[in-house]
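Results of the structural survey
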Amino acid sequence: MKLDLSHTKPFLDNAVVNNIESRISETYKTVFDKTGAGNDFLGWVNLPSEIDESLLADIEKTAAELRKKSDIFVVVGIGGSYLGARAVIEALQNHFAPLTGEKPLVVYAGHNMSEDYLIDLMAILDKKDYSLAVISKSGTTTEPAIAFRILKQHIINKYGEQEAASRIVAITDKAKGALKQLANVKGYKTYIVPDDVGGRFSVLTPVGLLPIAVAGIDIRKLVAGAIEMEKLCKAQPNMENPVSQYAVVRHALYLKGLTNEIMVNYEPRLVYFSEWWKQLYGESHGKQHKGIFPASVTFSTDLHSMGQYIQDGLRNLFETVISVENANHELRIPTESDDLDQLNYIAGKRISEVNHKAELGTVLAHEDGGVPNIRIVIPEISAKVLGELIYFFEMACALSGYMLEVNPFDQPGVEAYKKNMFALLGKKGFETQTATLNQRLGI
């Protein structure tokens, strides 16, 4: 992995950058020594190198058993409980996986409260063999709890209590919570969500590894990539490290008033990787009225929708581009004798070459338009490279959070909507808030 910062230099204040750089080693020390805010959620720091071989083998065994009996595998979870797994699976599977017939097809539930979505899902599950993983530390998070209550009833009706239990895996707390209690009673296979790893940092725990393994992806290569990046950060907790460079430059741009960061990819298989990144940075940094707002686009598609704004709109943004050097396949543009579409000038070229030139042309155009561009160049989209990227962004997220002087590992603002929702639904204990909200809504 390489970091290209050449398209940010015209926008940086060297004095500001030097000041941030002078504190980078101390910021790393805060992370590694676990002395900063939220230090009880730093289990992800050493996680890749400390993953137990027996755990990996057990996950692989369970995944193989589920693959044999399932046309569909349902991942029930929200936020960090499903985004990491989905990011890796959709990056590495066939673009048209639902049409290939390869089994099992991984689908998702519990990440919304759409009645129509669940009805459509169950209509498919009626006709297919399936199994599911329910992922929740507590078992009471509203969206996945609703979906699991409904799907649990469906799978029992379809297979009976005993067989249904063999098709359900619960990934939850090691000792407490509603889901753990239910799993103990029903005899579900269980995996632990570590106490010291928050949801958005949990992709390299069973939360992510089991669904990824069920999808047929080599989880050992994913972990190996993360281990390499972990070792690099520990060996070079300084500005020689690309993680440091990314964290420092994005913070310097933020201090200059560039408050929106757009993750750009040129490969549609990275759309959900961007979604995972958005949660990681948005939930970690958006506190105390601070933080960079994370957004994402897929080019060249979105150059025909969002490109105008990025080129000429409000100058409060910068871009971080994930640039993929090598495609997994080769396809060249044919020559046509009449050349009506005027493409013979690129006949014989690979589509990936045209895509790269579109990328470089866009970077230069946006730089000329006043938009700094950070380029993260990866050799390919593979399990190992994704493992490296996951740890890269996790560590940079922690460093950036401490630079902002916020706790990168809590999410107090997420509770506000939940309290209002509970009150409006008439949950016991929220009577006073219910009356206040009804008055505000004119009910």
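The structure reproduced in this document is the subject of the present report. (Residues numbered from 1 in each chain as written. Predicted model: local features only at pLDDT ≥ 70, side-chain atom pairs only at ≥ 80, totals over all residues. Heavy atoms only, no water.)

1. Regarding the overall build of the protein
Note the cut-off: Counting from the N terminus, the helices are DSSP H or I runs at least four residues long and the strands are E runs at least two residues long. For this measure, only C-alpha atoms enter the radius of gyration; the expected value for a globule follows 2.2 Å times N^0.38, where N is the number of residues. Between buried and exposed lies partly exposed: a residue is buried under 20% and exposed over 50% of the maximum accessible area for its type, with that area taken using a 1.4 Å probe on protein chains only. Residue contacts are defined here by distance: any two heavy atoms, one from each residue, within 4.5 Å place the two residues in contact. Only the protein chains shown count as cover for residues, with accessible areas throughout obtained via the Shrake-Rupley method and a probe of 1.4 Å. His is not counted, nor are the chain ends, whereas Lys and Arg count as positive and Asp and Glu as negative. A charged residue contributes its charge at one atom only: NZ of Lys, CZ of Arg, CG of Asp or CD of Glu.
Helices and strands together make up the secondary structure of the protein, namely 19 helices and ten strands. In summary, the protein has a C-alpha radius of gyration of 23 Å against a globular reference of 22 Å for 443 residues, a match within 12%. With respect to the principal axes defined by its C-alpha atoms, the protein has extents near 60 × 60 × 55 Å. When the 443 residues of the protein are sorted by exposure, 50% land in the buried category. Residue pairs at least 24 apart in sequence account for 78% of intrachain contacts in the protein once pairs closer than 6 positions are excluded. Taken as a whole, the protein presents about 20,600 Å² of accessible surface, with 52% of it coming from carbon and sulfur. With 46 positive and 54 negative side-chain charges, the protein shows a separation of 6 Å between the mean positions of the two kinds.

2. A short note on the sheet that holds strand β7 (residues 260-265)
Think of a sheet as strands paired side by side through backbone hydrogen bonds, with each pair either parallel or antiparallel. Quick reminder of the rule: When DSSP finds at least two bridges between two strands, those strands are taken to pair. Axes, fitted as lines to C-alpha atoms, cover a helix only where it is in contact. Angles between the N-to-C directions of the axes lie from 0 to 180 degrees.
Taken together, the five strands give an open sheet; going across it, the order is β1-β10-β9-β7-β8, and neighbouring strands pair in mixed fashion. Two strands close off the open sheet at either side, each with one partner strand: β1 (2-4) and β8 (293-298). The sheet shows a mean angle of 20° between the axes of neighbouring strands, taken without regard to direction. As paired strands, β1 and strand β10 (residues 373-378) are joined by three bridges and run antiparallel to one another. Directly across from K2, in β10, lies its bridge partner V377.

3. What to know about the packing of aromatic side chains
For the record, the criterion: Pairing of aromatic side chains requires ring centres within 6.5 Å, counting the rings of Phe and Tyr and the six-membered ring of Trp. Pairs whose planes differ by under 30 degrees are stacked, by over 60 edge-to-face, and all others tilted.
As enumerated under the stated definition, the model contains 18 aromatic pairs in all. Between F392 and F393 the ring centres are 5.1 Å apart and the planes differ by 90°, which places this aromatic pair in the edge-to-face class. By relative accessible area, F392 is classed as buried at 0%. Judged by its relative accessible area of 0%, F393 is buried. Residues F422 and F430 carry aromatic rings whose centres are separated by 5.7 Å and whose planes lie at 70° to one another, so their mutual orientation is edge-to-face.

4. A short note on empty space enclosed by the protein
Heads up, the rule is: Buriedness for pockets is judged along seven lines, at least five of which must meet protein on both sides within 12 Å for an open set on the 1 Å grid over protein atoms alone, while cavities are sets there where a 1.4 Å probe fits but cannot get out, and lining residues have an atom within 4 Å of a point. Grid points are joined across faces, edges and corners, and a volume is the space filled by probe spheres set on the points. In the scheme used here, Gly and all other residues not listed as nonpolar or charged are polar, with Ala, Val, Leu, Ile, Met, Phe, Trp, Tyr, Cys and Pro taken as nonpolar and Asp, Glu, Lys and Arg as charged.
Taken as a whole and assessed by the stated rule, the structure comprises two cavities of 30 Å³ or more. Taken together, Y266, E267, I322, S323, V324, N326, A327, S352, N355, H356 and E359 make up the full set of residues lining the largest cavity. Sort the elements by how many residues they give to the lining of the largest cavity and helix α16 (residues 351-368) lands first, with four residues. In the lining of the largest cavity, the residues fall into four nonpolar, five polar and two charged.

5. Concerning the sheet that holds strand β3 (residues 105-109)
One open sheet accounts for five strands, arranged β3-β2-β4-β5-β6; its pairing is parallel. A strand with exactly one partner marks an edge of an open sheet, and here the two such strands are β3 and β6 (189-192). Each strand of the sheet is rotated relative to its neighbour by a mean of 20°, with strand direction disregarded. Where strand β4 (residues 130-135) lies against strand β5 (residues 168-172), four bridges are found, and the strand directions are parallel. In the strand pairing of β5, L132 is matched with I168. Here helix α11 (residues 206-214) sits on the sheet in contact with β2 (72-76), β4, β5 and β6, set at roughly 155° to β5.

6. What about the pattern of salt bridges?
Operational definition: Here, a salt bridge means any Lys or Arg side-chain nitrogen found within 4 Å of an Asp or Glu carboxyl oxygen.
Per the counting criterion, the structure on display carries 26 salt bridges. As a salt-bridge pair, E60 and R220 come within 2.9 Å of each other at their nearest N and O atoms. With E60 in helix α4 (residues 53-69) and R220 in helix α12 (residues 219-235), the pair connects residues that are 160 residues apart, well separated along the chain. Note that E283 and R200 form a salt bridge whose closest N and O atoms lie 2.9 Å from each other.

7. Observations regarding the pairing of β8
Defined as follows: Handedness of a crossover: with both strands directed away from the viewer, a clockwise path from the first strand across the helix to the second marks it as right-handed.
As paired strands, β7 and β8 are joined by six bridges and run parallel to one another. Bridging across to β8, I262 finds its partner in A295. Of the crossover connections in this fold, the one passing from β7 over helix α14 (residues 271-285) to the parallel β8 is right-handed.

8. A short note on the environment of G286
For G286, the location among the structural elements is in the loop between α14 and β8. Given a relative accessible area of 52%, G286 falls into the exposed group. On a C-alpha basis, the gap between G286 and L179 in space is 29 Å, while along the polypeptide they are 107 residues apart.

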